[in-house]
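Understanding the architecture of this molecule
Listed below are the residues making up each chain.
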Amino acid sequence: MGESAKTAASAAVRHSERLYVPWWGWPLPVLGATLLAAEVDMGYPGVRAWLPYVIALPVVVALMLSLGRSKVRVTGGDEPELWVGDAHLPLRFAGEVEIFDKNAKRRALGRDGDPAAYVLHRGWVGPVVRVRLTDPADPTPYWLFSTRHPERVAELLRGA
């Protein structure tokens, strides 16, 4: 790929964020894996005692990294799109955009929610954005997703 193609591809992304697990979400799972490995270590002394540490800690680290692999992106270019996780929505089908803070998202995710909606929620991210869909052929009424920058995302979606 040429330099101009890389520049065009990077210029097309107007917003991108990864919904990674913050530092304060790591100690408890790592401590749990360490305690589990220590329990096995006490029961099986010798060379086998280190095997749980070699297995449990990398598994927990891989799990925590996989929890944070979801991305929220807004792309520009010829066909602007909203990407949430692996799903994408052409912005021509994006209607009303609403922002819910961490206190109001409970109702949006709970009793006020629609079971047919597309939801990508990460509990460690406070606000969520709801985008109503205008595509009559799509049975999904709206997308509701976590983002650390809801104002920026909403501004880009409304501008499209």
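Structure first, text after, so check above.
This text gives an overview of the structure that appears in the document. Keep in mind that this is a model prediction, so the values were computed, not measured. Every chain is numbered independently, its residues counted from 1 as its sequence is written. In view of the model being predicted, local features appear only for residues whose pLDDT reaches at least 70, and side-chain atom pairs are presented and counted only at 80 or more, with totals across whole chains, interfaces and linings using the full set of residues. As a rule here, side-chain values cover all heavy atoms of the structure and leave hydrogens and water aside.

Thoughts on the packing of helix 2 (residues 27–43) against helix 3 (residues 51–67)
Two numbers describe how helix 2 lies on helix 3: the axes approach to 9 Å, and their chain directions differ by 160°. Taken as axis vectors, helix 2 and helix 3 run roughly antiparallel relative to one another. Read as a crossing pair, helix 2 and helix 3 show a hand that is right-handed. Side by side, helix 2 and helix 3 meet where Pro29, Val30, Ala33, Thr34, Ala37, Ala38, Val40 and Asp41 of the first sit next to Pro52, Tyr53, Ala56, Leu57, Val60 and Met64 of the second. Orientation is described by axes fitted as lines to C-alpha atoms, over the contacting stretch for helices, and by angles from 0 to 180 degrees between their N-to-C directions. Numbered from the N terminus, helices here are DSSP runs of H or I no shorter than four residues, and strands are runs of E no shorter than two. The labels follow the angle: roughly parallel below 35 degrees, roughly antiparallel above 145, roughly perpendicular from 65 to 115, and oblique for the rest. By definition, turning the near helix anticlockwise from the far helix through less than a right angle yields a left-handed crossing, and turning it clockwise yields a right-handed one. Throughout, a contact is declared for two residues whenever any of their heavy atoms are within 4.5 Å.

As for the packing of aromatic side chains
We call Phe, Tyr and Trp rings a pair once their centres come within 6.5 Å, taking the six-membered ring for Trp, and we label the pair stacked below 30 degrees between planes, edge-to-face above 60, and tilted otherwise. Enumeration according to the criterion identifies 2 aromatic pairs in this entry. The interplanar angle of 40° and the centroid separation of 5.3 Å between the aromatic rings of Trp50 and Tyr53 together place this pair among those described as tilted. With a centroid separation of 4.8 Å and 50° between ring planes, the pair formed by Tyr118 and Trp143 is classed as tilted. Here the residue Tyr118 occupies a position in strand 6 (residues 118–120), and Trp143 occupies one in strand 8 (residues 142–146), the gap between them amounting to 25 residues. Only protein chains enter the accessibility calculation, which uses a 1.4 Å probe; a residue is then buried when its area is under 20% of its type maximum, exposed when over 50%, and partly exposed in between. Overall, the relative accessible area of 23% leaves Tyr118 in the partly exposed class. Given a relative accessible area of 6%, Trp143 falls into the buried group. Sitting over the ring of Trp83, Arg73 keeps its end group 5.1 Å from the ring centre. Geometrically, a charge over a ring is one whose NZ (Lys) or CZ (Arg) sits within 6 Å of the ring centre while staying within 35 degrees of the ring normal. Over the face of the ring belonging to Tyr20 we find Arg148, whose NZ or CZ atom lies 4.3 Å from the ring centre.

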